[in-house]
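A closer look at the structure
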Amino acid sequence: MNSKVRIALTKGRIESKAVELLDRIGYDTSELKNKGRRLILSIPNEDIEVVLAKAADVITYVEHGVCDIGVVGKDTIMEHGGKFFEVLDLGFGRCKFALAGKKGGSFYDGYGVKTVATKYPAVTRAFFESKGMDVDIVKIEGSVELAPLVGLSDGIVDIVETGTTLKENGLDVFEDVAPISARLIVNTVSMKLKQERVSEIVRLIKENCDDKNN
Ligand code: PRP
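Because the structure is a prediction, the values reported are computed rather than measured.

Conventions used here
- Residues numbered from 1 in each chain as written.
- Predicted model: local features only at pLDDT ≥ 70, side-chain atom pairs only at ≥ 80, totals over all residues.
- Heavy atoms only, no water.
- Helix = DSSP H or I, 4+ residues; strand = E, 2+ residues; numbered from the N terminus.
- Buried < 20%, exposed > 50% of the residue type's maximum accessible area, 1.4 Å probe, protein only.
- Contact = heavy atoms within 4.5 Å.
- Areas by Shrake-Rupley, 256 points an atom, 1.4 Å probe, with all protein chains shown as cover.
- Lys, Arg positive; Asp, Glu negative; His and termini not counted.
- Charge placed at Lys NZ, Arg CZ, Asp CG, Glu CD.
- Polar contact = N/O pair within 3.5 Å; in protein donor to acceptor, adjacent residues only side chain to side chain.
- Domains from an automatic or database assignment.
- Buried area = accessible area lost by both parts, 1.4 Å probe.
- Salt bridge = Lys/Arg side-chain N within 4 Å of Asp/Glu carboxyl O.
- Nonpolar A, V, L, I, M, F, W, Y, C, P; charged D, E, K, R; others polar.
- Near = heavy atom within 4 Å.
- Arc of directions from axis to C-beta.

When its secondary structure is counted, the chain shows nine helices and eleven strands. Taken along the three principal axes of its C-alpha coordinates, the chain extends 60 × 35 × 30 Å. Within the chain, the proportion of its 214 residues that are buried is 45%. Here the analysis covers contacts within the chain between residues at least 6 apart in sequence; of these, 67% occur between residues at least 24 apart. A total of about 11000 Å² of accessible surface is found on the chain, and carbon and sulfur atoms cover 49% of it. Between the centroid of the 30 positive side chains of the chain and the centroid of its 33 negative side chains there is a distance of 2 Å.

Right, let's get into the side chain of arginine 6. Counting through the fold element by element, arginine 6 comes out in strand S1 (residues 5-10). Overall, the relative accessible area of 18% leaves arginine 6 in the buried class. Separated by 2.8 Å, the side chains of arginine 6 and glutamate 49 make a polar contact. Sequence-distant contacts of arginine 6, that is, excluding residues within four places in its chain, are made with Glu49, Val51, Val66, Cys67, Asp68 and Ile69.

So, on to the domain arrangement of the chain. Along its sequence, the chain is organised into domain 1 (5-93 + 181-208) and domain 2 (95-179). Between the C-alpha centres of domain 1 and domain 2 the distance comes to 30 Å. Between domain 1 and domain 2, the residue contacts involve seven residues of the former and ten residues of the latter. Each partner contributes to the roughly 690 Å² buried at the junction of domain 1 and domain 2, and carbon and sulfur atoms together form 54% of this total. Between domain 1 and domain 2 we count one salt bridge in total. Between glutamate 161 and arginine 13 there is a salt bridge, with the nearest N and O atoms lying 2.3 Å from each other. Linking domain 1 with domain 2 are four residue pairs in polar contact (both at pLDDT 80 or more). For the side of domain 1 that touches domain 2, the residue count by class is one nonpolar, two polar and four charged.

The subject of this paragraph is the site of the ligand. In the vicinity of the ligand, the contacting residues are Arg13, Lys119, Glu145, Asp158, Ile159, Val160, Glu161, Thr162, Gly163, Thr164 and Thr165. Between an oxygen atom of the ligand and a side-chain N or O atom of lysine 119, the distance comes to 2.6 Å. Calculation on the ligand without its partners gives an accessible area of 510 Å², and the protein chains cover 68% of this total. If you list the elements that add at least two residues to the shell around the ligand, you get strand S9 (155-160) and helix H7 (164-168). Among the elements that take part in the shell around the ligand, S9 stands out by supplying three residues, more than any other.

Once that is clear, we can look at helix H3 (residues 55-63). Every buried residue of H3 is listed here: Ala55, Val58, Ile59 and Val62. Within H3, the buried residues cover an arc of 95° as seen down the axis, which keeps them to one side. Of the surrounding elements, those touching the buried residues of H3 are S1, strand S3 (48-53), strand S4 (69-73), helix H4 (74-80) and strand S11 (182-186). Among the residues trailing H3, glycine 65 stands out with phi positive, at a value near 80°.

Applying the stated criterion to the full structure yields 17 salt bridges. A salt bridge links arginine 38 to glutamate 31, with the shortest nitrogen-to-oxygen separation between them at 3.8 Å. Classification of arginine 38 as partly exposed rests on a relative accessible area of 41%. With relative accessibility at 22%, the residue glutamate 31 sits in the partly exposed group. A salt bridge links arginine 197 to glutamate 46; the shortest N-O distance between them is 3.1 Å. Residue arginine 197 is located in helix H9 (residues 195-208), and its partner glutamate 46 is located in the loop between strand S2 (40-42) and S3; the two are separated by 151 residues in the primary sequence. The class for arginine 197 is partly exposed, based on a relative accessible area of 22%. Residues joined in a network through salt bridges with shared partners are Lys74, Glu86, Asp89 and Arg183.

This is the structure we're talking about:
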């Protein structure tokens, strides 16, 4: 096992917030801020390496134990699942999963089986199963908002942050599905074999993250 502690950060939207968090702890994040095309960065004077990856890959790396700690959105955790400890709500990257559709429409009216387009079929399936409702789920890879507009689906289950994308496309939230924020995850074996160092880093992150409710 690598003697360093390796942290996987999700590239993109929550990346800068995660780097800010490492800054607040007092880590030197200069490599992270000037990373160019490099994917593995070190934190000078610390036994820590940082890896940048797509959200689902953060989970895969942590599950496989090649990264000890990960920062990833609850959206990906809910869709992907997996075997790891989810130890902290980091308080940033807040948004929600919502069921949405054409403004003024009513998703639950009528008797036919509804069609729902989404990038998150597992989340969508679980949501409607919890209601005991049968729906047809169509997997879409991007800009799900298009699906109800062109008549592919009666609704969508997607991430809503500011609500601007829905609004600008004449869509509206019908129902909230689940709140989302960035989470800290830890590999189950690292939690035991690197217990002291991993706990210390988790403690520092907890003390410096936005969500003081943890
Ligand atoms: C998400 C989501 C919406 C948008 C919502 O997409 O799928 O399209 O953000 O944000 P808003 O409520 O602030 O308008 P994202 O930008 O992450 O891109 P993606 O389609 O590549 O997932």
